[in-house]
Each structure stands twice: as C-alpha cells, then as structure tokens.
Amino acid sequence: MNQLFGTDGIRGIANRYPLDCETAIVAGRAIAAHFSQNKNASGRFLIGRDTRISGSMLASALAAGICSMGNDVHLAGVIPTPAVAYLAANHGFDAGIVISASHNPFTDNGIKLFGGDGFKLSDAAESSIEKLIGDPQALARQSQAVQQVGRISVFDGAASCYCQFLENVISDGHAKPFDGTTLVIDGSNGAASEIASALFRSLGATVKSISCTPDGININDNCGSQHPQALARAVVDEKADAGLAFDGDADRLIAVDETGTVLSGDQVMAICARDMLSRGELNSAKVVTTVMSNIGLGVALAAMGIEHLKSQVGDRYVMEEMRKAGAVLGGEDSGHMIFLNHHTTGDGMLAALKLLETMRSAGRPLSELATIMTVFPQCLINVDVQSKPKIDTVHAIMQAIENVETQLGKRGRVLVRYSGTQPKCRVMVEGPSEKETNAFCQEIASVVAEELG
C-alpha cells in the first residue's frame, strides 16, 4: 500500500482510492481502533467538513466505520478546520476529523485528524492508523465482535460555540472592537462562507462578502486565499480598510491592504510579531516558519531582535518546533498562522482578528504596518510529476540547482521539494530582482519537467 498520509492528512480525488467510500469506512474503523487504545478514551468522535459536494458522502462513510467499532459520532456539518480542533479539545472527544482538501479544487477531498488535545497527530500516530487501514479484514473482524454499535448525532451549535471562542480571544471590554472598520471578506465559497462575515459584523465591522455562496463545486474556484485578485479589486472599490481571504477550510488567511495590495502570510506574521513583542506577549522572542518563508521575514525579525526558527514544510511541523522552542507565533507564507497562546492549530479567522486588533492598537492603515518587511522577489513554479524520487538522486536536477545557486551566491536561495498532497514538485527561487528570479526558477523547473514530468 502506498503511503496514505501526506503533510496534511490523507488527500486525493474524491470517490477514488483512498478517498472512496470503501476506504473511508475502513479508515473510520482504523481511527476508532487507534484511539480506543487510550485507557481514558470516551468513545466519542467529532466530524466536520467543508462545502465540497463529496463531503457529506465521505463524512457518512467515516461515521459508519467509527460506529461499527462501538463508538459514537457527532456531526458538526460545514465548519472550519480550526473549529474542529477547538471543539475536539474542549468537548471531550477522542478525536476531531475534518473532511476537506483545503485549497485544492472541489474534485479533491481529504481526511485530517486532531487528537483530543486539539493538536494534529504525530507522524507516529498517523503511521499507526495507516497500518490499521492496511489490514481491513482484521478491522472488519473487530467490528463484527462489537456487542453494540455506536450512534450518529448532530452537534448542535458547533459554529456558534467556535465563534464565541474567537470573540473571547480579543475581548478587552469593547463590545464592538471593530466599530468603524470596513472590511471585504472572501470566503472562498468554503467553510467560512457563512460564519466569517457574521463574526466580524458582530464585532462592529461593516462587511461586504464575496465568494460566500457555496454550491458544492465552486470552492476555491478563482477566489479565496489562492486567488485574491477579485478581493483586491473589491477592497479598492469599496474603499475598505482591509480585505480578508480564507481558503476552503479557513485555516489560512491572506490579507489585502486598503490600496489593494496583497500581503503574504510572512508579512502578516511580521506585523503581528512586532505588536506582540511590544505588548510583552511574544514568549521567548521567537517566531517559527517553514523553510519556504521569504528571506525578507528573517531580515525584519532580526531587526526587531526576534529569533527566526525554521521547520520543514507543513503547519504541524511548525507547531512541533514552536512547542519545542517555547514560541507562541509561527506559520507559513501561504497563510497558515498559529497563535499558540490562543489555539492549537493554524486558524485563518483567528489570524484575521489578531491582525485587525493590531491595526486598531497602532491606529495606522495596513499599508503602513506592512512596511515592517521588505519582500524579496520570489518565484514559485509547481511542476506536475509522474514520480517522486529523492531530489538529490536526480543528477540533472541537482546540476541545475547547483548552477543557479552558484550564480545567486548570497543574493538569494533555491528550494526544490515535492508537494505532500499533490503529484507536483515545487520549485522556489528568491533573488535580487524579479527578472533574474523568474528566469532562474524557470530554468530549474524546465529540468524537473523534463526529468520527472
């Protein structure tokens, strides 16, 4: 069996292995069997999903598998990924399960897991579940021995509970802390489509919503954090103070300033890091990002006297490094941001609240706050590949990388890695000018395509 778990759960094309109903039932049994090994297990599991048309199908199959092992399932319906993490940790569930493929198109789907502590599972835990999935006959025998099957019920008020948690994060005596703030919110036709606008309106903001009418197939379709162009135009047209774009499951945030300029996750982290440092909230004066972060972030953090630590790609690896280093702020340039003194996972809506809180405290427009960081020219090309051999074993690719690195010297860097969720190789180059950077990136990408495409 091929490895099922990537950098963020199991991902694939919906209704095909491993995201077909048959495998989802087995996965449900395996998940239940894994968590039942805990002597304090409650036998209760939470399932949430985004707006993909395949979501309810897969949630039902997973729930059936879990119930066949004698456990109960509570369905939270359409709800952001970080909401599942929060509810799992605060309502006595053994685990929280999310049916989502994040920023991928509607044809894809995935299974993400959180433990009863609200944190994503370790590699070892995922490996244990994967081994169980690989033995469906043994799992079927276990389910047949169950004396009483579990029940499926609806978790009423799941979204309201999560929104109350978010409101409490920034509660400082102001019933309407964002009164007078005008926002445009892009829900990516995903999990935040309904609740994001309602949350920010409840906090006093005037909100215009775009891409908040999901139909099961328009999730992430030229909208959201991956495609913020329409949001940028709307911010300028509405003369808004900021634009907030989430991805399909709302664990990412990409912000747009009042001039229509799109800010990266790195820029938002730099802004929040300075604010947290000034408030005495940046424990240990450390920020953790992945190796994909822009060089400019490291420069900005160093100027503030903040140590910049890096992990491998994947927000759960950022989290592992944060916990190890005692850091409370971390994330990815793609928009995953973790505020560990508030939550156990990356949360786009929480990041948006913290950014707006910083704007309110500073009394300055977002465009001015963004000058804290100079973004180095960066080019990222995703190359479709047929296989994923270790990069350092492909001579032609290594030669192309070495050639570019030699020409860049200390003026930039190269990073070539495979996607953990798609059959793609990501080629990233940062350099002194946009022209040079794009040319170098295309040079390496062409070799990758020729060797692996």
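What comes next concerns the included structure. Everything numeric in this text was worked out from a predicted model, so none of it was measured.

## Here we look at the overall build of the protein chain
Then, number 1: Within the protein chain one finds 15 helices and 19 strands.
Then, number 2: Along the three orthogonal principal directions, the C-alpha set of the protein chain runs to about 65 × 60 × 40 Å.
Then, number 3: For the protein chain, the residues scored as buried account for 58% of the 453 residues in total.
Then, number 4: For the protein chain, the share of sequence-separated contacts (at least 6 apart) that also reach a separation of at least 24 residues comes to 71%.
Then, number 5: Total accessible area on the protein chain stands at roughly 18,100 Å², and carbon and sulfur atoms take up 48% of it.
Then, number 6: The distance from the centre of the 37 positive side-chain charges to the centre of the 50 negative ones in the protein chain is 3 Å.

## Some remarks on unusual backbone geometry
Then, number 1: Look at the link from Y17 to P18: it is a cis peptide, with omega at 0 degrees.
Then, number 2: Inspection of the secondary structure assignment puts P18 in the loop between strand 2 (9–13) and helix 1 (21–35).
Then, number 3: One non-glycine residue, N189, lies in the positive phi region at around 50 degrees.

## Digging into the sheet that holds strand 3 (residues 44–49)
Then, number 1: If you walk across this open sheet you meet the seven strands as 1-2-6-5-3-4-7, and the pairing is mixed. Since the sheet does not close on itself, it has two edges, and those belong to strand 1 (5–6) and strand 7 (152–154), each with one partner.
Then, number 2: Bridge count between strand 3 and strand 5 (residues 95–99): five bridges; the pairing is parallel. Within strand 5, the residue paired with G48 across the bridge is V98.

## So, the sheet that holds strand 17 (residues 378–384)
Then, number 1: In spatial order, the strands read 17-19-18; together these three strands make up an open sheet with antiparallel pairing. On the outer flanks of this sheet lie strand 17 and strand 18 (413–418), each paired with one strand and no other. Each neighbouring strand pair of the sheet contributes to a mean axis angle of 15 degrees, computed without reference to strand direction.
Then, number 2: Sheet contacts for helix 14 (residues 395–408): strand 18 and strand 19 (424–430); angle to strand 18, the most-contacted strand, approximately 155 degrees.
Then, number 3: Sheet strands touched by helix 15 (residues 434–452): strand 17, strand 18 and strand 19. Its angle to strand 17, the strand with the most contacts, is close to 15 degrees.

## Overview of the environment of L62
Then, number 1: With respect to the element layout, L62 can be found in helix 2 (residues 55–67).
Then, number 2: With a relative accessible area of 0%, L62 lands in the buried category.
Then, number 3: Beyond its immediate chain neighbours, meaning those up to four positions away, L62 contacts A24, A27, G28, I31, I47, I97, I99 and I111.

## Notes on helix 1
Then, number 1: Between the first and last C-alpha of helix 1 there are 21 Å, a value that for 15 residues agrees with the 21 Å anticipated at 1.5 Å per step.
Then, number 2: Counting buried residues along helix 1, twelve of its 15 residues qualify, which places the element largely inside the surrounding structure.
Then, number 3: Looking at the buried side of helix 1, the elements it contacts are strand 3, helix 2, strand 5, strand 6 (108–115), helix 4 (123–133) and helix 5 (136–144).

## Some thoughts on the packing of aromatic side chains
Then, number 1: On inspection of all chains with the given rule, the structure shows four aromatic pairs.
Then, number 2: Ring centres of F93 and F155 lie 6.1 Å apart, and the angle between their planes is 35 degrees; this geometry places the pair in the tilted category. Taken together, the residues F93 in the loop between helix 3 (81–90) and strand 5 and F155 in the loop between strand 7 and helix 6 (158–169) connect sequence positions 62 residues apart.
Then, number 3: Of the residues examined, F93 reaches a relative accessible area of 4% and is grouped as buried.
Then, number 4: On the basis of relative accessible area, F155 is assigned to the buried category, the value being 15%.
Then, number 5: Three or more aromatic residues link up through ring pairs in this structure, and these residues are Y86, Y162 and F165.
Then, number 6: Directly above the ring of F93 sits R44, whose terminal nitrogen or CZ lies 4.3 Å from the centroid.

## Some thoughts on the packing of helix 14 against helix 15
Then, number 1: Packing of helix 14 against helix 15 brings their axes to within 9 Å, and their N-to-C directions diverge by 175 degrees. Here helix 14 is positioned roughly antiparallel relative to helix 15, judged by the angle of their axes. In this structure, helix 14 uses A396, I397, A400, I401, N403, V404, Q407 and L408 to contact helix 15, whose residues at the interface are F440, E443, I444, V447, V448, E451 and L452.
Then, number 2: For the contact of helix 14 with helix 15, the residue count by class is eleven nonpolar, two polar and two charged.

## Regarding the pairing of strand 19
Then, number 1: Counting buried positions along strand 19 gives seven out of seven residues, so the element sits mostly inside the fold.
Then, number 2: Residue alternation in strand 19 divides its side chains into two sets, K424, R426, M428 and E430 and C425, V427 and V429, and both sets are buried.
Then, number 3: Where strand 17 meets strand 19, seven bridges bridge the pair, whose relative direction is antiparallel. From the neighbouring strand, N382 faces strand 19, where its bridge partner is R426.
Then, number 4: Where strand 18 and strand 19 come together, six bridges link them in antiparallel fashion.

Conventions adopted
Residues numbered from 1 in each chain as written. Predicted model: local features only at pLDDT ≥ 70, side-chain atom pairs only at ≥ 80, totals over all residues. Heavy atoms only, no water. Helix = DSSP H or I, 4+ residues; strand = E, 2+ residues; numbered from the N terminus. Buried < 20%, exposed > 50% of the residue type's maximum accessible area, 1.4 Å probe, protein only. Contact = heavy atoms within 4.5 Å. Areas by Shrake-Rupley, 256 points an atom, 1.4 Å probe, with all protein chains shown as cover. Lys, Arg positive; Asp, Glu negative; His and termini not counted. Charge placed at Lys NZ, Arg CZ, Asp CG, Glu CD. Pairing = 2+ DSSP bridges. Axes fitted to C-alpha atoms, helices over the stretch in contact; angles between N-to-C directions. Expected span 1.5 Å × (residues − 1). Phe/Tyr/Trp six-rings, centres within 6.5 Å; stacked < 30°, edge-to-face > 60°. Lys NZ or Arg CZ within 6 Å of the ring centre and 35° of its normal. Parallel < 35°, antiparallel > 145°, perpendicular 65-115°, else oblique. Nonpolar A, V, L, I, M, F, W, Y, C, P; charged D, E, K, R; others polar.

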